[in-house]
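Inside the fold
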Amino acid sequence: MKQILSALLLVITFQNFGQFDKSLYNTSLEYYLPNGITYNSAIPTPESIIGHEVGEWHVTHDKLVQYMYTLAEASDRITIENRGATFEGRPILLLTITSPDNHKNLESIRTAHIANTEGENNATSNMPIVVYQGFSIHGNEPSGANAALLAAYHLAAAESQHVKDILNNAVILFDPSFNPDGLQRFSFWANSNKSNVLNPDPNDREYDEVWPRGRTNHYWFDLNRDWLPIQLPESQARIKTFHKWLPNILTDHHEMGTNSSFFFQPGIPERTHPLTPSKNQELTAKIGTFHAKAFDQIGSLYYTEEDYDDFYYGKGSTFPDINGSIGILFEQASSRGHLQESSNGVLTFPFTIRNQFTAALSTLEAAFNMREELLQYQKEFFDNSRKSHSGKKGKAIVFGDPKDASKSFQLAEIMKRQNIEIYQLKQDVNINGKQYKNGYSYVVPFDQKNATIIDAMFDIRTTFKDSLFYDISAWTFPYAFDLDFSSDISMASYAGEKIAELKRPQGSVRGKSSYGYVMSWHDYYAPRALYAILAKDLRAKVSLGEFKVDGKDYGYGTIFIPAQNQNITSDEVYTVLTEVAKNSFIHIDPISTGLTQGVDLGSRLIATVEKPKVGILVGDGISSYDAGEIWHLFDQRYRIPLSKLDTKDIGRMNLDRYNVIIMPTSYNIEDGALKNLKSWVENGGTLIAYKQAINVLTRNEFVKVKFKKNDLKAKNVNFALRDDFYGAQGIGGAIFEAKQDLTHPINFGYNDDKIALFRDTTIFMEADDNSFNNPIQYTKTPLLSGYISKPNLDSLAGTVPFKVNRLRRGKVILFTDNTNFRAFWYGTNKLLMNAVFFNDEM
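Every chain is numbered on its own, with residues counted from 1 as its sequence reads. Only residues with pLDDT of at least 70 get local features here, since the model is predicted, and only at 80 or more are side-chain atom pairs given and counted; chain-wide, interface and lining totals rely on the full set of residues. The side-chain numbers reported here are obtained from all heavy atoms of the structure, hydrogens and water having been left aside.

**Description of the overall build of the protein**
Numbered from the N terminus, helices here are DSSP runs of H or I no shorter than four residues, and strands are runs of E no shorter than two. Check the secondary structure of the protein and you find 26 helices and 34 strands. Note that the radius of gyration is over C-alpha atoms, with the globule rule given as 2.2 Å times the number of residues to the power 0.38. On C-alpha atoms alone, the protein measures out to a radius of gyration of 29 Å, which is about the 28 Å that the 2.2 N^0.38 rule sets for 842 residues. Overall, the protein is about 90 × 65 × 65 Å in size when its C-alpha atoms are taken along their principal axes. Three exposure classes are used, based on accessible area relative to the maximum for each residue type with a 1.4 Å probe and protein chains only: buried under 20%, partly exposed in between, and exposed over 50%. Taken over 842 residues, the protein has a buried fraction of 60%. What makes two residues a contact is simply this: any of their non-hydrogen atoms within 4.5 Å. Here the contacts in the protein between residues at least 6 apart in sequence split such that 79% fall between residues at least 24 apart. Surface accessibility follows the Shrake-Rupley procedure with a 1.4 Å probe radius. Residue values consider only the protein chains on display as shielding. Total accessible area computed for the protein in this model is approximately 32700 Å², and 46% of it derives from carbon and sulfur atoms. If you average the places of the 86 positive and of the 97 negative side-chain charges in the protein, the two averages end up 5 Å apart. In this tally, Lys and Arg are treated as positive and Asp and Glu as negative; His is ignored, and so are the chain termini. A charged residue contributes its charge at one atom only: NZ of Lys, CZ of Arg, CG of Asp or CD of Glu.

**Side note on empty space enclosed by the protein**
Points on a 1 Å grid over protein atoms alone make up a cavity when a 1.4 Å probe fits among them but cannot get out, and a pocket when they form an open set with protein on both sides within 12 Å along at least five of seven lines; lining residues each have an atom within 4 Å of a point. Grid points are joined across faces, edges and corners, and a volume is the space filled by probe spheres set on the points. Tallied over the full model, the rule gives five cavities of 30 Å³ or more. Of the voids in this model, the largest cavity is the one considered here, and its volume is about 90 Å³. Looking at the second largest cavity, the residues that line it are Leu757, Ile776, Pro801, Phe802, Phe815, Thr816, Asp817, Thr819 and Leu831. Three residue categories are used. Nonpolar comprises Ala, Val, Leu, Ile, Met, Phe, Trp, Tyr, Cys and Pro, charged comprises Asp, Glu, Lys and Arg, and polar comprises the others, including Gly. Class assignment of the residues belonging to the lining of the second largest cavity gives a composition of six nonpolar, two polar and one charged.

**Looking at the pairing of strand S31 (residues 754-759)**
It is a general feature of regular strands that their side chains alternate between the two faces of the sheet. Counting buried positions along S31 yields five of six residues, so the element is predominantly enclosed. The pairing criterion is simple: DSSP has to find at least two bridges between the two strands. Pairing geometry for strand S30 (residues 734-740) and S31, over six bridges, is antiparallel. Opposite alanine 738, over in S31, you have isoleucine 755 as the bridge partner.

**Quick look at the packing of helix H6 (residues 106-116) against helix H10 (residues 233-245)**
Between the N-to-C directions of two axes lies an angle of 0 to 180 degrees, each axis being a line fitted to C-alpha atoms and, for a helix, fitted only over the stretch in contact. In the contact formed by H6 and H10, the axes pass within 8 Å of each other and the chain directions differ by 75°. When the axes of H6 and H10 are compared, the pair comes out roughly perpendicular. Seen from H6, the contacting residues are Leu106, Ile109, Arg110, His113 and Ile114; seen from H10, they are His243, Lys244 and Trp245. When its residues are assigned to classes, the contact of H6 with H10 shows four nonpolar, two polar and two charged. When an angle is under 35 degrees it counts as roughly parallel; over 145 it counts as roughly antiparallel; between 65 and 115 it counts as roughly perpendicular; any other value is oblique.

**Things to note about the packing of aromatic side chains**
Working definition: a ring pair exists when centres of Phe, Tyr or Trp rings (six-membered ring for Trp) sit within 6.5 Å. Plane angles under 30 degrees give stacked, over 60 give edge-to-face, the rest tilted. Under the definition given, this model contains 53 aromatic pairs. Taken together, a centroid distance of 4.8 Å and an interplanar angle of 50° make the contact between tryptophan 220 and tryptophan 631 tilted. Residue tryptophan 220 is found in the loop between helix H9 (180-192) and H10, and its partner tryptophan 631 is found in helix H20 (residues 624-637); the two are separated by 411 residues along the sequence. Each member of the pair tryptophan 220 and tryptophan 631 is classed as buried. By way of ring pairs, the aromatic residues Phe311, Tyr312, Tyr313, Phe464, Phe469, Trp475 and Tyr787 are connected into one cluster. The ring of phenylalanine 178 has arginine 238 lying over it, and the distance from NZ or CZ to the ring centre is 5.4 Å. Each ring is checked for a lysine NZ or an arginine CZ that lies within 6 Å of its centre and within 35 degrees of its normal; such an atom marks a charge sitting over the ring. When the ring centre of phenylalanine 585 is taken as origin, the NZ or CZ atom of arginine 504, which lies over that ring, is 4.3 Å away.

**Describing the packing of helix H18 (residues 526-535) against helix H26 (residues 829-837)**
Angle between the axes and distance between the axes: these two values describe a pair of packed helices. As a packed pair, H18 and H26 sit with axes 11 Å apart at the nearest point and diverge in direction by 25°. When the axes of H18 and H26 are compared, the pair comes out roughly parallel. Crossing angle aside, the handedness with which H18 passes H26 is left-handed. Across from Pro527, Leu530, Tyr531 and Leu534 in H18, the residues of H26 making contact are Lys830, Met833 and Phe837. Partitioned by chemical class, the residues of the contact of H18 with H26 number six nonpolar, no polar and one charged. Two helices that cross are described as forming a left-handed crossing if the nearer one is turned anticlockwise from the farther one by less than a right angle, and a right-handed crossing if clockwise.

**Some words on the layout of surface pockets**
Empty pockets left among the atoms are what a rolling probe the size of a water molecule brings to light. Approximately 620 Å³ is the volume found for the second largest pocket. In terms of lining, the second largest pocket is formed by 30 residues, of which the most central are Lys403, Ser520, His522, Asp523 and Lys552. Of the residues forming the lining of the second largest pocket, the biggest block, three residues, is contributed by strand S21 (residues 552-554). Partitioning the lining of the second largest pocket into residue classes produces 13 nonpolar, nine polar and eight charged.

**Some details on the sheet that holds S31**
Taken in spatial order, the three strands line up as S31-S30-S32 in an open sheet, and their pairing is antiparallel. Two strands lie at the open edges of the sheet, namely S31 and strand S32 (776-785), each paired on one side alone. Averaged over all adjacent pairs, the angle separating strand axes in this sheet is 35°, with direction ignored. Pairing of S30 with S32, which is carried by five bridges, proceeds in the antiparallel orientation. When the sheet's bridge partners are listed, phenylalanine 736 is paired in S32 with leucine 783.

**Regarding the side chain of lysine 407**
Structurally, lysine 407 can be placed in helix H14 (residues 405-417). A polar contact is formed between the side chain of lysine 407 and the backbone oxygen of phenylalanine 481, at a distance of 3.3 Å. Every residue in contact with lysine 407, bar those within four places of it in the chain, is listed here: Asp401, Phe481, Asp482, Leu483, Tyr524, Tyr826 and Gly827. N or O atoms closer than or at 3.5 Å make up a polar contact, with two conditions inside protein: a donor-capable atom paired with an acceptor-capable one, and, for residues adjacent in sequence, both atoms drawn from side chains.

**Details of helix H13 (residues 371-388)**
One less than the number of residues in a helix, times 1.5 Å, gives the span that helix is expected to have. End to end, H13 covers 26 Å across 18 residues, agreeing with the expected 26 Å (1.5 Å per residue, within 8%). Among the residues of H13, Arg371, Leu374, Leu375, Tyr377, Gln378, Lys379, Phe381, Phe382 and Ser385 are the ones counted as buried.

**Things to note about the sheet that holds strand S14 (residues 441-445)**
Strand order across the open sheet formed by five strands is S15-S10-S14-S11-S16, with antiparallel pairing between neighbours. Two strands close off the open sheet at either side, each with one partner strand: strand S15 (484-490) and strand S16 (495-498). Neighbour-to-neighbour, the strand axes of this sheet turn through a mean angle of 30°, independent of strand direction. Of the pairings in the sheet, the one linking strand S10 (residues 395-400) to S15 comprises five bridges and is antiparallel in character. Note that in S15 the partner of valine 398 across the bridge is serine 486. The sheet contacts of H14 involve S10 and S14, and relative to S10 the element is tilted by about 140°.

**Focus: the pairing of strand S29 (residues 686-690)**
Within S29, five of the five residues are buried, which leaves the element mostly enclosed by the surrounding structure. Neither face of S29 is left uncovered, since the one carrying Thr686, Ile688 and Tyr690 and the one carrying Leu687 and Ala689 both have all their residues buried. When strand S28 (residues 660-663) meets S29, the two strands line up parallel, connected through four bridges. Within the sheet, the bridge partner assigned to methionine 663 lies in S29 and is alanine 689. For the crossover that starts at S28, traverses helix H22 (residues 671-682) and ends in the parallel S29, the hand is right-handed. Of the strand pairs in this sheet, S29 and strand S34 (residues 810-815) are connected by five bridges, and their pairing is parallel. Across the sheet, residue leucine 687 finds its bridge partner in S34, namely valine 812. By convention, a crossover is right-handed whenever its connection, traced from the first strand over the helix to the second and viewed with the strands pointing away, goes clockwise.

Remember, this is a structural readout, not a statement about activity or role.
This is the structure we're talking about:
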């Protein structure tokens, strides 16, 4: 009742005086901490270290780090480790919080805990439970990370016997900031726009971050989509910890819209992935009763089972579900700054922090009370997994690409990070018409502990209980990597040695030549090598046909580097190429002659490649996710400079220094920017546009595109189901098959005439009447995996995801699909690279 009266007074004060009464903005420790507990005065409070009360300001990551190290030094309940660095060099911390006695035996506790998942231990009555608590994976959802200050202090300093009992019976893996770079970016924004007179007006600048906002990490990735593909350093650190310990519960503290309340899982039951045991959801609901009790005590509103889902295993609250753990999502209504008007009254930042802190404590209360039940569930999960896969004992999956060792390696690396056992392929083999080559392929047995993760990664699914998804509906990894794969092969027949340590393929120049060198375009890292060659001011050419020289076949897109008529000697050319091959993990072949079988190397079909000077549109109107994926691809994978061009400046910018500009998904760009961009294209530039950018360019007469549309009308759909009806017509993320013309430059480097494309749009471009203008075209039955409504599937069949349009002296290249999705769609990255390097030949 006390809290309810305080909230009413807060609203009345605001209404009567037109401004917020700062005295009601409660940041005292007494406001947050449970009643009746004394705290060890030798343990520093957050305020004594960070210089302000929790919630008075948004904690910056550096201060959060400082406090966590101070606590670890002051308390015998805490140890701390730095597991690595973010892209911006910030530490990725982990605190281990448990009783002093447990700390003395931590490794033996961990070993016994892991043994319980391997059928070796039944003594769950004496084992501590393991809880992973993680905060604010979205940097602009900061109440979690700020609550981490309180939770860590409480666990370090509380003298309550009950808290000590919890620490005696639990090992808490405490991750105070899942996203250090994003948290820092957002805290700077919120603090720099805070007024002394707190103003809850939602129109105030404090509540409207500038692009790209603080949700994402350095390259603008949503880290809460990377738990399964683990492409980012923050994810790699936490997944390593996860598999090291296999926690029984993992919590993931988020925020949602300001007018909401507080959500905890379970989510919508019908949207749980079929690989997740029903017992998992039962235990999630039982844990939820502890959250409900805690929120009832402080008078906070909450709800459950009405939102969100447990389908995509790349999320923090769902990934644990295929590992014998219970993943729990918390969503707190966001104040976004320090306080803001909402439909539930004025929402203060301290209030959001207190709710997150309350949920952190109720999680530990549930873990303490359900310890044996959760430990037994985890044991049974792995026992059941072994039983369910017993019929596949001696069977395995093989995957690979006979011409691209790098892509195969990258998928194998993900599997190793997920603690999946992999083996070398014993020898070259043909399985059902697919070629698997030793050194280019890997074998994965089903008979292993983490077989359920293998099931999730290779899952192919086209039927679903529900037609709505909080995230994507398909992520089949061999499709994402454009790799061949065969299931249920014999381990005894095909598996070589087990791989203890995965080693990246090594590159080399296979000899010295006074004539020239050729480089296949098949390897994933060939674009990195080509740019490095061009950056050294060496001339390089691309083959628009096939040829055979010195007894070896070379396909479309092969790169030829002459040894003569360069600006350096032939010996220096060899030295440069040796370094390039090593750094790009590729092989370069010397050749003795330009006379070949097929296209001779002096032919007009051996075209000069211009060094790309590439810009990318960023800023208002552009999807930061899509832009960040492209930035990461150029910067981290291919080491190609990429200039980020802000849309607010494009209208007055001299674009002549670029020969390629990429326009990621965009919705609205100012007329002045579009006018300058159009002029640049007309004068010879190449514009590469993605997804909704196609609509922008069509409206502004950059291109003429015929779209296929369906005019679906709702029939027998009542008002309550209208959102479900429209939601089912979206393509949230599924995988589709397209055929490829391998002679077209957009498809150089591919060796199969079919490709799997990830799609999350309903933009359907009609095919051209001339078949040679349709180098990529969806098949008649394109669905490979995921959900799509039948009207959309009918519309998609036969359309094209790629077009080239001439605009006077320049050209506009269109992609309806994301070729760079979440950094793990390796199989289509080369489509973008081909558009960048070979657009003159299209």
